[in-house]
Amino acid sequence: MALRSYCRQLVRLKHCVNDCTRNVSGSSLSFVRIKSLRESAGVFEQSSRCVSRWHRRSWHLGVSSQCTGGKRHSDTAGFSRWTLAWGVMAFSLFGSSDERTEEQKLEDELILLLKKAKYSMMTGELDAANVLLHKAVRLAHQMHNNDAIIYTYSMMANLAFVQGQLDNAEKLFKAAMSFMLSGGTPQDDNAVIEMSLKLASIYATQNKNELAEHGFQFCTESLEAKIEKQKDLPPESLSDEERKDTRLLLGLSLDARARYLAANHRFTGACKDYRHALQICQEEQGESHPQTLVLLSDLATVLDLQGKHDEALTYVKKAVELGQAAGHPDQHVLLGNMAGILMHKGEFEESGKLYKEALALAHAAGDGEAVEQLQEGLKELASRRDGQTESKADEQEPKE
């Protein structure tokens, strides 16, 4: 029922291109500078106990967000052609101006605007990126270049999403999806599902739980069905990269839904999704991949919240050991998670050692947020120790 409902929403998007365009292209988005873009996927960071939310998400799939600097991947040939234009830009820009048609000159201008916008986003110049993207989308509409319109709207949506401008991000993602669907892109295209996943995350942040759950279900069920269909295809009809991208997108969808469920204290469902996402990540990216370590730690956090401290310790200990061997850049996060679990087990001495080690690493890494969280952990540890000391003293008092 939920899947059919969400599919109906996607079908309606095909008929609202003009409406979305009016809502978006005339909008004036206001952006403020942020210290880093690396946490753009960390939608559910409200829980102070879920220390693993500090870690950047690093699923290495072809549909990664433009604002992180990754290339977009699409199953559609037109979108691939637009992506290919970036590779030939250097050559085309230096062609003789006399030999260039007016259309080719406009395309060069558009590509240059997008390149500048992307660079501005990567360097944190978000106001400048916003101006450039608005110029680019107007030019793309002037050229009637649907591929460029889709690409630009998705860049604008990602920029709004990172900045927490969720209403604008929703409009922009819907605008991009409406152009894709009206152009014949199938609903189970990876690019459509990635945008649907971001919409679901937006709805979750806005506490629109029914829309969020329908969105997460649409993404996971569509990808699972797609993967099953791919099993029956001859090997030569599907590249290893396409197969891997689809599985990793499923892993990312499960991860996002798990975070949503955990934030709503639905830990059984969260554990199930984390386990499935972890399996996919281990198979596709390896035991020591940064995202594998994140998922091990996240799963441990949820198990800890359920009171399953021994099982949680097994997973987080594995993450710490693998992270140490691989030289993980956020090893202090993993150590902090392990310290918290040990504290909940009542192993205060070992917990204190790990908290202090993690704090030293966080200071060295210049991770102010982690330093703050670890200091809070140490305060909680001291409070628990004091409580335990008082309890023992009460037990030892002679009864009259």
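Sequence order as written defines residue numbering, which begins from 1 separately in each chain. Given that the model is predicted, a residue must reach a pLDDT of at least 70 before its local features are reported, and side-chain atom pairs must reach 80 or more before they are shown or counted; all residues, however, enter totals for whole chains, interfaces and linings. Hydrogens and water are ignored here; the side-chain numbers use all heavy atoms of the structure.

Undergrad: What's the story with the pattern of salt bridges in this structure? I'm lost.
TA: Opposite charge on two side chains lets them pair, provided their charged atoms get close. The rule for a salt bridge is simple: a side-chain nitrogen of Lys or Arg has to be within 4 Å of a carboxyl oxygen of Asp or Glu. On inspection of all chains with the given rule, the structure shows 15 salt bridges. Its salt-bridge partner being Glu-170, residue Lys-174 comes within 3.0 Å of it at the nearest N-O pair. Note that Lys-174 and Glu-170 are positioned in helix α7 (residues 166-182) at a spacing of 4 residues, about one turn of the helix. In this scheme, a residue with accessible area under 20% of its type's maximum is buried, one over 50% is exposed, and one in between is partly exposed, where area comes from a 1.4 Å probe on protein chains only. According to the relative accessible area criterion, Lys-174 is partly exposed, its value standing at 26%. Between Asp-255 and Arg-259 there is a salt bridge, and its shortest N-O distance comes to 3.6 Å. The helix count covers DSSP runs of H or I at least four residues long, the strand count covers runs of E at least two residues long, and both are numbered beginning at the N terminus.

Undergrad: How should the packing of helix α11 (residues 267-285) against helix α12 (residues 290-305) be read in this particular structure?
TA: The axes of two packed helices give the description: the angle between them and the distance between them. Convention adopted: a line fitted to C-alpha atoms gives each axis, helices being fitted over their contacting stretch, and angles between N-to-C directions are expressed from 0 to 180 degrees. Two elements in contact, α11 and α12, have axes whose closest approach is 9 Å; the angle formed by their N-to-C orientations is 160°. With respect to α12, the element α11 is oriented roughly antiparallel. Both α11 and α12 take part in a crossing whose hand is left-handed. For the pair α11 and α12, contact is made by Phe-267, Ala-270, Cys-271, Tyr-274, Arg-275, Ala-277, Leu-278, Cys-281, Gln-282 and Gln-285 and by Gln-291, Thr-292, Leu-295, Leu-296, Asp-298, Leu-299, Val-302, Leu-303 and Leu-305, respectively. Three classes are used, and their members are as follows: Ala, Val, Leu, Ile, Met, Phe, Trp, Tyr, Cys and Pro are nonpolar, Asp, Glu, Lys and Arg are charged, and the others, Gly among them, are polar. Grouping the constituent residues of the contact of α11 with α12 by class yields 13 nonpolar, 4 polar and 2 charged. By definition in this entry, angles of less than 35 degrees are roughly parallel, angles greater than 145 are roughly antiparallel, angles of 65 to 115 are roughly perpendicular, and the rest are oblique. Handedness of each helix crossing follows the sense of rotation of the near helix against the far helix: counterclockwise by less than a right angle gives left-handed, clockwise gives right-handed. It only takes one pair of heavy atoms within 4.5 Å for two residues to be counted as in contact.

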